[in-house]
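Analysis of the macromolecular model
The primary structure of each chain is shown beneath.
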Amino acid sequence: MTDSRKSVPNDDLARITRAAPYWVTLLLVPIAWLGAIKGGWTVLLLPVVSWYFFSVLDALLGRDSANADPDAPQNALFWYRAVTLIWTPIQFCLLFSLIWYVPQAEHLSSIERVLLFIGVGVITGTVGINYSHELMHQKSKTERWMADVLLSMVLYSHFRSEHLLVHHRYVGTPRDAVTARYNEGFHRFYPRVLKQSLCSAFRAEKAMLARRNKPWRDPSNPFFFFFFLQLSMLLLAFSIGGWSGIGLFLVQAGTAVWQLELVDYIEHYGLTREHLGGGKYENVKPQHSWNADHRVSNRLLINLQRHSDHHYKPDRSYPVLQTYSDTQAPQLPCGYPVMTMVAMVPPLWRRIMNPRVRHWRSTYYPEITDWTPYNTAKNPMPDRP
């Protein structure tokens, strides 16, 4: 489905120098410690670097439309996979060492501590949850376990169930809470998705157990494991940081979840699959996700912005995700760092994105004249498998 864009030879793909830009996330670790040790304005560096600096670099360095071979051998992906494997212990050590250090750091005021951990939440959300997303899509039990550990650090473990069992299956339909509706501001989307995604994740796991003739209370329900992991993280935060440690842990967790749901909001805003009658919907295609091939932010986010291909081929590892032309998938005008900031200002968001949604509708679905049931998620629920 991709066009004849520049391709990346496997020998080039395998070079460590080509994979190295994806390791840029490691630079956020010393920036976090710089803020903790120095205090003052340095506590703002993490969000400034993650949101603004990468946005400026995107503007300067442009887009990357080159596509790697989707069938590249695993040995060519070694250095790309390595950074996702080492991130879980790195984030664990960073988070809890800061929870130990910051409450006893007399040079930091209360507001500096909170601002620092908002920055830590930018790391655990922008990097941690994003890496967990990559890991949960892998077949290895170790990688999936690492994904669970990362999610437990932000108290959002159910994201794994919701993402794999609900979002990918029902994206662009009324059953998917994460598909932002046309004209729905983020301030309305956020509380809705927090509630609905948790409930839909639990229902999905309950339904899977029912198909094996087991009740939801069965110990194999991963929600019990999720609860154990999250409780362990909270107890660890308390044991090394006291009540201040708990408070700081919750600040970063809340920031991380906010970051995740901002990204969820922009990835499918206004994009819906055609209702074919009854509980039937068209198959997922690249046109059902917003694509962005901005060079630098895709290094930070390990190609998450090539989201059209991720939903079209969910089993592809991030180094071989394809980008699409504007005739094959709708394009965001900027990378995620800019677009998430825009999403926080609903009038500006609608001014930029609503015309793009209307253009997308006229391009792909000129035969649909009444979009009301799509806008309000009132079409029939899709059939369950």
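See the structure shown above.
We now turn to the structure provided with this report. (Residues numbered from 1 in each chain as written. Predicted model: local features only at pLDDT ≥ 70, side-chain atom pairs only at ≥ 80, totals over all residues. Heavy atoms only, no water.)

Turning our eyes to something else, we now look at the pattern of salt bridges. This structure, assessed with the given rule, holds 10 salt bridges. Ionic pairing is found between D12 and R18, a salt bridge with its closest N-O pair at 3.3 Å. R18 sits in the partly exposed class, given a relative accessible area of 26%. Between E184 and R192 there is a salt bridge, with the nearest N and O atoms lying 2.7 Å from each other. Residues E184 and R192 agree in their burial class; the two are buried. (Salt bridge = Lys/Arg side-chain N within 4 Å of Asp/Glu carboxyl O. Buried < 20%, exposed > 50% of the residue type's maximum accessible area, 1.4 Å probe, protein only.)

Looking now at a nonpolar patch on the surface. A contiguous nonpolar patch, built from I16, F78 and W79 and spanning about 300 Å² of accessible area, is present on the exposed surface. Within the secondary structure layout, I16 lies in helix α2 (residues 16-19). I16 gets classed as partly exposed once you look at its relative accessible area, which sits at 45%. (Patch = residues over 30% accessible without salt bridge, like charges linked within 9 Å, V, L, I, M, F, W, Y side chains within 5 Å. Areas by Shrake-Rupley, 256 points an atom, 1.4 Å probe, with all protein chains shown as cover. Helix = DSSP H or I, 4+ residues; strand = E, 2+ residues; numbered from the N terminus.)

Next up on the list: the layout of surface pockets. Space inside the largest pocket adds up to approximately 550 Å³. As for the largest pocket, its lining consists of 26 residues, of which H137, Q138, D315, R316 and S317 are closest to the centre. Of all the secondary-structure elements, those providing two or more residues to the lining of the largest pocket are α5 (78-101), α6 (110-136), α7 (141-152) and α8 (159-170). Each pocket or cavity is described by its volume, and for the second largest pocket that value is around 400 Å³. Lining the second largest pocket are 22 residues, with V166, R175, S200, R203 and R384 sitting closest to its centre. Listed by contribution, the elements that provide at least two residues to the lining of the second largest pocket are α8 and α9 (186-211). Residues of the lining of the second largest pocket, tallied by class, amount to 12 nonpolar, three polar and seven charged. (1 Å grid on protein atoms, 1.4 Å probe; cavity = no way out; pocket = protein on both sides within 12 Å on 5 of 7 lines; lining within 4 Å. Points joined across faces, edges and corners; volume = space filled by probe spheres on them. Nonpolar A, V, L, I, M, F, W, Y, C, P; charged D, E, K, R; others polar.)

Core analysis: the biggest nonpolar cluster contains 93 residues, and L13, F117, Y265, Y269 and W349 have the highest contact counts within it. Top contributing element to this core by residue count: helix α10 (residues 222-267), with 13 residues. Setting aside anything within four residues of it in sequence, one finds W349 in contact with Y265, I266, Y269, M339, V342, A343 and N354. (Core = buried A, V, L, I, M, F, W, Y, C linked by side-chain atoms within 4.5 Å. Contact = heavy atoms within 4.5 Å.)

This part is about empty space enclosed by the protein. Counted according to the given criterion, the structure contains three cavities of 30 Å³ or more. Roughly 280 Å³ of internal volume is contained in the largest cavity. Taken together, 22 residues form the lining of the largest cavity, with Q259, V263, L301, L304 and Y336 sitting closest to its centre. Of all the elements in the fold, those that place two or more residues in the lining of the largest cavity are α4 (45-61), α6, α8, α10 and α13 (336-343). Broken down by class, the residue content of the lining of the largest cavity amounts to 10 nonpolar, 10 polar and two charged. Roughly 150 Å³ of volume is contained in the second largest cavity. In this structure, the second largest cavity is lined by 18 residues; those nearest its centre are T173, P174, T272, Y374 and A377. Of the residues in the lining of the second largest cavity, the class split is seven nonpolar, six polar and five charged.

Let's shift gears to the packing of α4 against α13. Where α4 meets α13, the closest approach of the two axes is 8 Å, and the angle between their N-to-C directions is 125°. Relative to α13, the element α4 lies oblique. Mapping the contact onto sequence places S50, W51, Y52 and S55 in α4 and P337, V338 and M341 in α13. Residue composition of the contact of α4 with α13, by class: five nonpolar, two polar and no charged. (Axes fitted to C-alpha atoms, helices over the stretch in contact; angles between N-to-C directions. Parallel < 35°, antiparallel > 145°, perpendicular 65-115°, else oblique.)

The values reported here are purely geometric and, on their own, carry no functional implication.
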